[in-house]
Amino acid sequence: PEVQVAREDSAAALLLRGALDVAFVRYGVQRDQLSLKRLGSMATGVYAGAGHPLAAKSGKIKLTEVAQHPFVLFEAERDQRAAWWPTAHRRKAAMKVVARDTAAEICTEGDLLAVLPDIVAERYRRQGSELKKLPVSGIAPTEIFALWREQLDLPGRAEAVVEAVQQRFIGDR
């Protein structure tokens, strides 16, 4: 399979044009000619690099305090359906990126915070990056959905990929 990072709001159009076989998105999009399946959710938290002032704090940190610091945000966070951050606490957006991996890299290198799925942050920690999950409550898990178009030439191929990814979610419980 070919893997691309694309803006979630363009996934349906790419699928319908045949430019993608399967898209994994953070919110469900119902479209004619496309199938949608909720795969599961991933634990999510606020992360800081080792040099960030909040990384050294012990004990619970309030969302109001965290929101005072600049964040690297994802394009998907512009959509109100991306509800992992409580909307009552407006954040300072220092930068916007498309990919969570980019946000994790930026977070490890500087003074920006990021809301990341734990699995993304854990991968960076295993590679030696110093990302710390801040003790903040109120961050919702990240929902993951598969979106695909029925293949006429090789039916079942997209469904096989979706099933394999869903098995990974089931195995992580």
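Shown above is the structure to which this text applies.
Criteria and cut-off values
Residues numbered from 1 in each chain as written. Predicted model: local features only at pLDDT ≥ 70, side-chain atom pairs only at ≥ 80, totals over all residues. Heavy atoms only, no water. Helix = DSSP H or I, 4+ residues; strand = E, 2+ residues; numbered from the N terminus. Buried < 20%, exposed > 50% of the residue type's maximum accessible area, 1.4 Å probe, protein only. Areas by Shrake-Rupley, 256 points an atom, 1.4 Å probe, with all protein chains shown as cover. Pairing = 2+ DSSP bridges. Axes fitted to C-alpha atoms, helices over the stretch in contact; angles between N-to-C directions. Contact = heavy atoms within 4.5 Å. Core = buried A, V, L, I, M, F, W, Y, C linked by side-chain atoms within 4.5 Å.

A. The arrangement of the overall build of the chain in detail. In terms of regular secondary structure, the chain is built from 5 helices and 8 strands. N-terminal to C-terminal, the α/β element order of the chain is α-β-β-β-α-β-β-α-β-α-β-β-α. For the chain, the proportion of its 173 residues judged to be buried stands at 42%. Put simply, the chain shows about 9700 Å² of open surface, and 51% of that area lies on carbon and sulfur atoms.

B. Quick peek at the sheet that holds strand 7 (residues 131-133). Within the open sheet, the 3 strands sit side by side as 6-3-7. Their pairing is antiparallel. One side of each edge strand has no neighbouring strand; the edge strands of this open sheet are strand 6 (114-117) and strand 7. Taken over all neighbouring pairs, the strand axes of this sheet differ in orientation by 50 degrees on average, direction set aside. Where strand 3 (residues 44-49) and strand 6 come together, 4 bridges link them in antiparallel fashion. Bridging across to strand 6, G45 finds its partner in L116. Running at roughly 130 degrees to strand 6, helix 3 (residues 100-109) makes contact with strand 3, strand 6 and strand 7 of the sheet. The strands touched by helix 4 (residues 118-126) are strand 3, strand 6 and strand 7; relative to strand 6, the strand with the most contacts, the crossing angle is about 95 degrees.

C. Looking closely at the environment of T64. By the element assignment, T64 lies in helix 2 (residues 63-66). Assessed through its relative accessible area of 45%, T64 is described here as partly exposed. Sequence separation of T64 and R91 is 27 residues, and the distance between their C-alpha atoms is 9.1 Å.

D. Geometry of the nonpolar core. In terms of nonpolar packing, the biggest core is built from 31 residues, with V46, V66, W85 and L116 touching the most fellow members. At the level of elements, strand 3, helix 2, strand 4 (70-74), helix 3, strand 6 and helix 4 are the ones that each hand at least two residues to this core. Looking at this core, the element that brings in the most residues is strand 4, giving 4 residues. Not counting the four nearest positions on each side in its chain, L116 is found in contact with A43, T44, G45, Y47, F74, R100, A103, A104, A121 and L131. Ranked by size, the runner-up nonpolar core spans 12 residues in total, among them L15, L20, A23 and Y27.

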